[in-house]
Amino acid sequence: MSHLPVQVNVKILMALLKKRREFLLVFWPTISQIKLVMRNEKVLLNSLLLNDFLTYLLLQKPGPRTADSGGKRSSSQVQGRKCCPVYLGGSSAPLGIGTNISPRTCDQLRCTACDFKVVTIDDYEWDKSCDYLFFRNNMPDLNKLKGKLLKRRGGRAYACQCTWRSIQDLTDLKGDQQIRWVCGRH
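Residues numbered from 1 in each chain as written. Predicted model: local features only at pLDDT ≥ 70, side-chain atom pairs only at ≥ 80, totals over all residues. Heavy atoms only, no water.

- The name that an unreviewed UniProt entry assigns to the protein chain is Cilia- and flagella-associated protein 418, with the source organism given as Callorhinchus milii.
- Word for word, the UniProt comment on the protein chain under Function (unreviewed entry) is "May be involved in photoreceptor outer segment disk morphogenesis." (UniProt positions renumbered as here; feature names shortened; annotations may be inferred.)

### Topic: the nonpolar core
Part 1 of the reasoning: Of all hydrophobic cores here, the largest spans 16 residues; its most connected members are Val86, Leu88, Leu109, Tyr158 and Trp181.
Part 2 of the reasoning: Those elements that place two or more of their residues in this core are strand E2 (109-111) and strand E7 (181-183).
Part 3 of the reasoning: Beyond its immediate sequence surroundings of up to four residues, valine 86 is in contact with Cys106, Leu109, Thr171, Asp172, Leu173 and Cys183.
Part 4 of the reasoning: In this structure, Val119, Trp126, Cys130 and Leu149 belong to the second largest nonpolar core, which totals 11 residues. (Core = buried A, V, L, I, M, F, W, Y, C linked by side-chain atoms within 4.5 Å. Buried < 20%, exposed > 50% of the residue type's maximum accessible area, 1.4 Å probe, protein only. Helix = DSSP H or I, 4+ residues; strand = E, 2+ residues; numbered from the N terminus. Contact = heavy atoms within 4.5 Å.)

### Examining the sheet that holds strand E3 (residues 119-126)
Part 1 of the reasoning: The three strands lie next to each other as E3-E4-E5, forming an open sheet whose pairing is antiparallel. A single partner strand is all that each edge strand has here, and the edge strands are E3 and strand E5 (164-167). When strand polarity is set aside, the average angle formed by the axes of neighbouring strands in this sheet is 35 degrees.
Part 2 of the reasoning: Pairing of E3 with strand E4 (residues 149-159) involves seven bridges; the strand directions are antiparallel. Within the sheet, the bridge partner assigned to tyrosine 124 lies in E4 and is lysine 151. (Pairing = 2+ DSSP bridges. Axes fitted to C-alpha atoms, helices over the stretch in contact; angles between N-to-C directions.)

Spelled out as structure tokens, the structure:
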């Protein structure tokens, strides 16, 4: 793979250094390269994969959406943050990073008890006959879980391998002490 010469402006390089800490992990210039940049305001970076890194840095997109969380995130949502507080809600509640100012239901929940990702299913609720063994034996197979789901408009069914809830309205997670779900980062 050949790399074309790249001119780098010092101001752009410094802005990238300030903006992203990850930049230092991938691009660590030598002292002689720094002197060249400072003296000439440009440098040839053939041996470094700057093009590849800049593509990664500037065109980075959120990870793939899973089938169990089919909602859409706001374009203003930032990747790598946690919800505080963590909210659960029905299918009409927006998904994303929950804050006190912008209450959103977390779609990246993880259970600290069983270490499973929490599955969310819009417009359904769990049947009253659900028990621990049902979820223990059938998670995360959605086809097996469908047997205990009841259609409920505006509701959302949540489940991990050890806990399950049917939620209709926006609810702060710390209100339920039995649930050990946390935001797994967005």
